[in-house]
Amino acid sequence: MYQGVLIRSPLKILLCRGLFYVKFFKTLVLSLQAIDEEFCIGFITFLNNATTSNGKPLSGTTIYHYSRWLKDILQRSVADDLITRNPIDKLIQNKEMPTRPEVQMDYLTVDEVKALIQTPLKQTIIKQAFLFACLTGLRISDVRNLQWSNIKTDGETMRFEIIMKKTDTPLSGKIPNIAKEWMPEPTDSPFVFANLPTASNIDTVIRRWVAQSGIKKHVTFHTARHSFATMGLTLGTDLYTVSKLLGHKSISTTQVYAQIIDKKKDEASDLLDNAF
């Protein structure tokens, strides 16, 4: 039962979650029949009171994902006829299961990206890579690994074809004309954005650049990916298409961006109410 679920999880996540499970279960071997509603409530209580190695409480997001992982294991057990029902279902009905916390996510609007375009930056390669990511949605790992051989040209149309480093899955997409403007000229290097600094150094430079532009947000390189998604939804791209452009396996992962846009729409409506 466990092998089919665990083997798909990244090793780091597996080890972290496994540590909390073993601490609670007190054993590496546990009978499925021993897992009932009371057991599940106890596990959630344990997570709510557990701490990290630094002594800090688990975040709401971590608690949500750890309890969801247990739910998925039990659901797989039902599908495999190892148990007759998932005891967590009753907790969901009674609203006792942890829910996904509201995501606080910084992103850049179209106007803010335009402001960054107008703001000079001595580290040209960082500006080019960040704006390219804003306009394509690629993660920093994929921007860093992007090679000229990944770029396919058909007339004036340019596309990228990559294997995403994080998920080891293929992703392809058209490179918008505005994004092409931020691609460096080819050099002897096979990489499009050659000689990018470390991620921490990039983020330090980006924070200063953003502040110089007058934008008062906490921005890292990954903010570019969030910005691509929110700009797309704001401009009218449907959620399914944005999900595919980002390479998400499930549209539920992309849903968080739609929630952010909906919240902003509600805030805009509230402003009208306050105006009158």
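(A) Broad picture of the overall build of the chain. Looking only at helices and strands, the chain has 13 helices and 3 strands in total. Here the chain holds 276 residues, and 41% of them are scored as buried. Look at the contacts in the chain between residues 6 or more apart in sequence, and 61% of them connect residues 24 or more apart. Approximately 16,500 Å² of the chain is accessible, and the part contributed by carbon and sulfur atoms is 53%.

(B) Just the side chain of S67, in detail. By secondary structure assignment, the location of S67 is in helix 4 (residues 60-79). According to the relative accessible area criterion, S67 is buried, its value standing at 1%. At a separation of 3.0 Å, a polar atom in the side chain of S67 contacts the main-chain carbonyl oxygen of Y64.

(C) The packing of helix 3 (residues 37-49) against helix 4, seen in detail. In the contact formed by helix 3 and helix 4, the axes pass within 10 Å of each other and the chain directions differ by 155°. In terms of orientation, helix 3 and helix 4 fall into the roughly antiparallel class. Between helix 3 and helix 4 lies a crossing whose hand is right-handed. In this structure, helix 3 contributes C40, F43, I44, L47 and N48 to the contact, and helix 4 contributes I63, Y66, S67, L70 and L74.

(D) Structural context of the environment of F221. Along the polypeptide, F221 turns up in the loop between helix 10 (199-213) and helix 11 (223-234). Residues F221 and R207, spaced 14 residues apart in sequence, show a C-alpha to C-alpha distance of 9.4 Å. When sequence neighbours within four positions are dropped, the list of residues in contact with F221 reads A129, F130, A133, R139, I140, V143, I202, D203 and I206.

(E) Molecular detail of helix 4. Its 20 residues give helix 4 an end-to-end C-alpha distance of 28 Å, which sits within 8% of 28 Å, the value for a rise of 1.5 Å per residue. All buried positions along helix 4 are accounted for by I63, Y64, Y66, S67, W69, L70, K71, I73, L74 and S77. After helix 4 finishes, the residue D81 shows a positive phi value of roughly 60°.

(F) Structural context of the side chain of R225. Within the secondary structure, R225 is located in helix 11. Among buried Asp, Glu, Lys and Arg side chains, R225 stands out as unpaired, with D142 the closest opposite charge at 6.0 Å. The residues contacting R225, other than those within four sequence positions of it, are G137, L138, R139, L246 and H248.

(G) Region of the structure containing the sheet that holds strand 1 (residues 151-154). Here 3 strands make up an open sheet; going across it, the order is 1-2-3 and the pairing antiparallel. The two strands at the open ends of the sheet, each matched to only one other strand, are strand 1 and strand 3 (170-174). Here the strands of the sheet are splayed against their neighbours by 20° on average, with no regard to which way each runs. In terms of strand pairing, strand 1 meets strand 2 (residues 157-163) through 4 bridges, oriented antiparallel. By the bridge assignment for strand 2, D154 is matched with T157.

(H) Spatial organisation of the packing of helix 6 (residues 110-118) against helix 7 (residues 124-136). Where helix 6 contacts helix 7, the two axes come as close as 11 Å, and the packing angle between them is 160°. Classified by the angle their axes make, helix 6 and helix 7 are roughly antiparallel. Crossing hand, helix 6 versus helix 7: left-handed. Where helix 6 approaches helix 7, its residues V113, L116 and I117 are matched on the opposing element by K127, F130, L131 and C134. Classifying every residue of the contact of helix 6 with helix 7 gives 6 nonpolar, no polar and 1 charged.

(I) Geometry of the pairing of strand 2. Residue alternation in strand 2 divides its side chains into a buried set, M158, F160 and I162, and an unburied set, T157, R159, E161 and I163. Linkage of strand 1 to strand 2, two consecutive antiparallel strands, is achieved through a turn of 2 residues, within which G155 is found at a positive phi near 70°. Where strand 2 lies against strand 3, 5 bridges are found, and the strand directions are antiparallel. Looking at the pairing, E161 lines up with S172 of strand 3. The hairpin turn running from strand 2 into strand 3, its antiparallel successor, is 6 residues long, and D168 in that turn takes a positive phi close to 60°.

(J) Structural view of the packing of aromatic side chains. Within the structure shown, the criterion is met by 4 aromatic pairs. Here the aromatic rings of F43 and F46 are separated by 6.4 Å at their centres, their planes lie at 20°, and the arrangement is stacked. Pair noted here: F43 and F46 are both in helix 3, with a separation of 3 residues, about one helical turn. Judged by relative accessible area, which is 23%, F46 ranks as partly exposed. Taking 5.7 Å as the distance between ring centres and 80° as the angle between the ring planes, the aromatic pair formed by F130 and W209 counts as edge-to-face. Of this pair, F130 sits in helix 7 while W209 sits in helix 10, and the two are 79 residues apart along the sequence. Residue classification places F130 among the buried residues on the basis of a relative accessible area of 0%. Looking at W209, the relative accessible area reads 1%, which means it is buried. An aromatic cluster of three or more residues is present, and its members are F130, W209 and F221. Residue placement shows K217 over the ring face of Y107; its charged tip is 5.0 Å from the ring centre.

Rules of the game
- Residues numbered from 1 in each chain as written.
- Predicted model: local features only at pLDDT ≥ 70, side-chain atom pairs only at ≥ 80, totals over all residues.
- Heavy atoms only, no water.
- Helix = DSSP H or I, 4+ residues; strand = E, 2+ residues; numbered from the N terminus.
- Buried < 20%, exposed > 50% of the residue type's maximum accessible area, 1.4 Å probe, protein only.
- Contact = heavy atoms within 4.5 Å.
- Areas by Shrake-Rupley, 256 points an atom, 1.4 Å probe, with all protein chains shown as cover.
- Polar contact = N/O pair within 3.5 Å; in protein donor to acceptor, adjacent residues only side chain to side chain.
- Axes fitted to C-alpha atoms, helices over the stretch in contact; angles between N-to-C directions.
- Parallel < 35°, antiparallel > 145°, perpendicular 65-115°, else oblique.
- Left-handed = near helix turned anticlockwise from the far one by under 90°.
- Expected span 1.5 Å × (residues − 1).
- Lys, Arg positive; Asp, Glu negative; His and termini not counted.
- Salt bridge = Lys/Arg side-chain N within 4 Å of Asp/Glu carboxyl O.
- Pairing = 2+ DSSP bridges.
- Nonpolar A, V, L, I, M, F, W, Y, C, P; charged D, E, K, R; others polar.
- Phe/Tyr/Trp six-rings, centres within 6.5 Å; stacked < 30°, edge-to-face > 60°.
- Lys NZ or Arg CZ within 6 Å of the ring centre and 35° of its normal.

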